[in-house]
Structure formats: C-alpha cells, structure tokens
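Architecture and fold: a report
Okay, here's what each chain looks like letter by letter:
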Amino acid sequence: MNGTEKIPQNRIFDTHTHYDDKAFDEDREQLLESLEENGIGPVVDVGADLESTARAIALAQKYPFVYAAAGVHPTETEKLDENGFLQLSEQLREPKVIAVGEIGLDYHWDTPRGVQKLWFGRQLALASERDLPVIIHSREAAADTLGQLREAQDRAAAEGKRLTGVVHCFSYGPEMAAEYVKMGFWIGIGGVVTFKSARKVKEVVQKIPLEKLVLETDCPYLAPAPHRQERNSSLYLPLVAEEIARLRGITPEEVVRATARNARELYRLD
C-alpha cells in the first residue's frame, strides 16, 4: 500500500490524469480538493517527460489520494539521453510512484520511430527490473506496440519477473484488446466511449471482461459528451461509467465498484 490509507472501494478510481498540466494552474487546488466529496479518488497523475513527472510526484506528496507515474511519452523521447534516463530511474524510487508511464509508440507525429522504440524498450526493461506496472500509449502503432510488449514480457518471464499494465485511452478494436487481456493487461476507457463515432471502443467495452476495464480521463484532454472541447477532469467520469453501464446492461454503481477494484489490482495497491 506504499504507506497510504486503505482505498475506498465504492469511489471512482481515475487511473490516468495530468493534473500537473498548465490547464489546471488557475484552480488546481480547488478542483483536487473537490474530488473526494464528489465520490472520486484515488487518481494517478501520469508523467510525460522528466519535468511533468517531477510535478506529478509533487502532487502525490501533497495530496493523500494522488499517486504518480514516472515516464517519458513517445513524442518526448528525442529529448531523452543517458543522464535523463538515470534521472527517470531515480524518480521511480520516490514515494507513491506506482507505475512507469506513460510510455509507448506514437506514429501520428514525426518523432523518429527508431528513437521511440529504443526508449520504449529501455523503459519497459526498467519497469520489469523495479516490478512496476506500465502505462502504455499507443497511437497508429498497433502491431509494433504489441510486438515490442510481447518481447519485453518474454524477457521478463525468462528472468523470473513480470510485466503487466494498462493500455491507456484504448483506440483499437476488440480483437487487439483481447490480445492485451491474454497478456495480463487492462484496458483504459475514458471519454471517447461516449462519442457517437466511437464504434470500436464501444465494441471493446461490450466484449472485454469487465474485470479487465479501468476508468480514466487523460484530463485535461478528451472530455466526454456532452462536454467535448471543454477541459476534462475526473468530475466527468460518472458520464463514462454511465455509458459503460448502458453498453453492458448493468448499473453505473457496478461499473464503479468493478473498475475501482481492477485499478487497485493493476497498480498493486491491495
């Protein structure tokens, strides 16, 4: 439990946030302090580079219900070098850092693919070494992400170690989701599932076992309908839970309980 209090099981667990982002500079404290009374918490603030990771760690140290993840996003990997990787390794030793992320591959932008793959692999190996789950970002890179994760998982197993985590903001189809589930990964579902055009994500929610789904916002990005184009926050997650409940024919309360339980297992907090 990393020296923290027991986590309530009937509250929404937001597995992926960026409250360190400048979009929250004007009201960050007020917003974070409002979460508990709205039935939300814990939240995990996820690093995208060394600087945002440091801010995430500071938030986790300030708020009992905030945890941090340390990692370098694929589009930031060109800035990474051996000294930076050593700094990241040290950040992972900080209290309440519970995952390596977000890391992965993003072929939408022009960061060289070889650079992305190099640092993705190095961060996966570091997660295995430290026995920490990973938070995976994969955009327009389905086959390469899955292949590199399989290789890293096989290496970890050969060393008697484990490598699991979550594929955040999942954007592929149910067949790909099923492959990740077979590997022991969870599937992160956020505001996109409420979009009318999100046919694949809705199908994933219907076909993947409930025990392998977790809730996330990726805030300040990807606010759910009817708040698209607004700044996202954990306060909108009930809308995501309601849509998952509708798609699965269960109650929102069941979704909240199950996904909170899943998140605790994912992040090894029980």
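Above this note sits the structure.
Predicted model only: the values in this text are computed from it and were never measured.

A few words on the overall build of the chain. Per the secondary structure count, the chain includes nine helices and eight strands. By the compact-globule yardstick of 18 Å for 270 residues, the chain fits well, its C-alpha radius of gyration being 17 Å. Across its three principal axes, the chain shows a C-alpha extent of roughly 45 × 40 × 35 Å. Split into buried and exposed, the 270 residues of the chain put 59% on the buried side. Residue pairs in contact within the chain that sit at least 24 positions apart in sequence constitute 73% of those at least 6 positions apart.

Counting buried residues along strand β5 (residues 134–139), five of its six residues qualify, which places the element largely inside the surrounding structure. Sheet topology places strand β4 (residues 97–106) next to β5; five bridges connect them, and they run parallel. Counterpart to L105 in the pairing with β5 is S138. Once you follow β4 into helix α4 (residues 113–130) and on to β5, the crossover reads as right-handed. Where β5 and strand β6 (residues 165–167) come together, three bridges link them in parallel fashion. Across the sheet, the residue bridging to I136 is V167, located in β6. Taking the sense of rotation as the criterion, the β-α-β connection linking β5, helix α5 (residues 142–158) and β6 turns out right-handed.

A separate point is the pattern of salt bridges. Counting across every chain of the model gives 20 salt bridges. In this structure, the salt-bridge partner of R130 is E129, at a minimum N-O distance of 3.8 Å. The shortest N-O distance in the salt bridge between E243 and K202 comes to 2.9 Å. Placement of E243 in helix α8 (residues 237–248) and of K202 in helix α7 (residues 199–207) is noted, with a sequence separation of 41 residues between them. The pair formed by E243 and K202 is uniform in burial state, with each residue classed as buried. Within this structure, D131, R162 and R268 form a network of salt bridges that share partners.

The next subject is the packing of aromatic side chains. Under the counting rule described, the total for this entry stands at seven aromatic pairs. Taken together, a centroid distance of 5.6 Å and an interplanar angle of 40° make the contact between F85 and W119 tilted. Linking F85 in helix α3 (residues 82–91) with W119 in helix α4, this pair joins segments that are 34 residues apart in sequence. Here F85 matches W119 in class, with each residue buried. Ring pairing ties together the aromatic residues F170, Y172, Y180 and F185, which thus form one cluster. If you follow R122 out to its NZ or CZ, it ends over the ring of F85, 4.4 Å from the centre.

Residue placement: T77 occurs in the loop between β3 (66–70) and α3. Residues contacting T77, with those up to four places away along its chain left out, are V72, T111, V115, Q116 and W119.

It is worth spelling out the sheet that holds β4 at this point. One open sheet holds the eight strands; their spatial order is β1-β2-β3-β4-β5-β6-β7-β8, and the pairing between them is parallel. Every interior strand has two partners, whereas the edge strands, β1 (12–17) and β8 (213–215), have only one. The average angle at which neighbouring strand axes cross in this sheet is 30°, direction not considered. Here four bridges tie strand β2 (residues 40–46) to β3, and the two strands are oriented parallel to one another. If you follow V43 over to β3, its bridge partner there is V66. Along the sheet, helix α2 (residues 50–62) contacts β2, β3 and β4; its crossing angle with β3, the most-contacted strand, is approximately 160°. In the packing of α8 onto the sheet, the strands contacted are β1, β7 (186–189) and β8, and the crossing angle to β8 comes to about 150°.

What counts and how
- Every chain begins its residue count from 1, and numbering advances along the sequence as written.
- Two thresholds apply to this predicted model, a pLDDT of at least 70 for residue-level local features and 80 or more for giving and counting side-chain atom pairs, whereas whole-chain, interface and lining totals are computed over all residues.
- Side-chain figures throughout are based on the complete set of non-hydrogen atoms in the structure, without hydrogens or water.
- For helices the rule is a DSSP run of H or I covering at least 4 residues; for strands it is a run of E covering at least 2, with both sets numbered from the N terminus onward.
- Atoms counted for the radius of gyration: C-alpha only. Globule rule: 2.2 Å times the number of residues to the power 0.38.
- Think of it in three bands: residues with accessible area under 20% of the maximum for their type are buried, residues over 50% are exposed, and the middle band is partly exposed, with areas taken using a 1.4 Å probe on protein chains only.
- The contact rule is simple, with two residues in contact once any of their heavy atoms fall within 4.5 Å.
- One requirement defines pairing of two strands: DSSP has to find at least two bridges between them.
- The definition of a right-handed crossover adopted here requires that, viewed with the strands pointing away, the path from the first strand over the helix to the second runs clockwise.
- Any carboxyl oxygen of Asp or Glu within 4 Å of a side-chain nitrogen of Lys or Arg constitutes a salt bridge here.
- Only centres within 6.5 Å qualify two rings of Phe, Tyr or Trp (six-membered ring in Trp) as a pair; their planes then separate them into stacked at under 30 degrees, edge-to-face at over 60, and tilted for everything else.
- Two conditions define a charge located above a ring, namely a distance within 6 Å from the ring centre to NZ of Lys or CZ of Arg, and an angle within 35 degrees of the ring normal.
- Axis definition: a line fitted to C-alpha atoms, limited for helices to the stretch in contact. Angles are taken between N-to-C directions and run from 0 to 180 degrees.

Any link to function would need more than the numbers given here.
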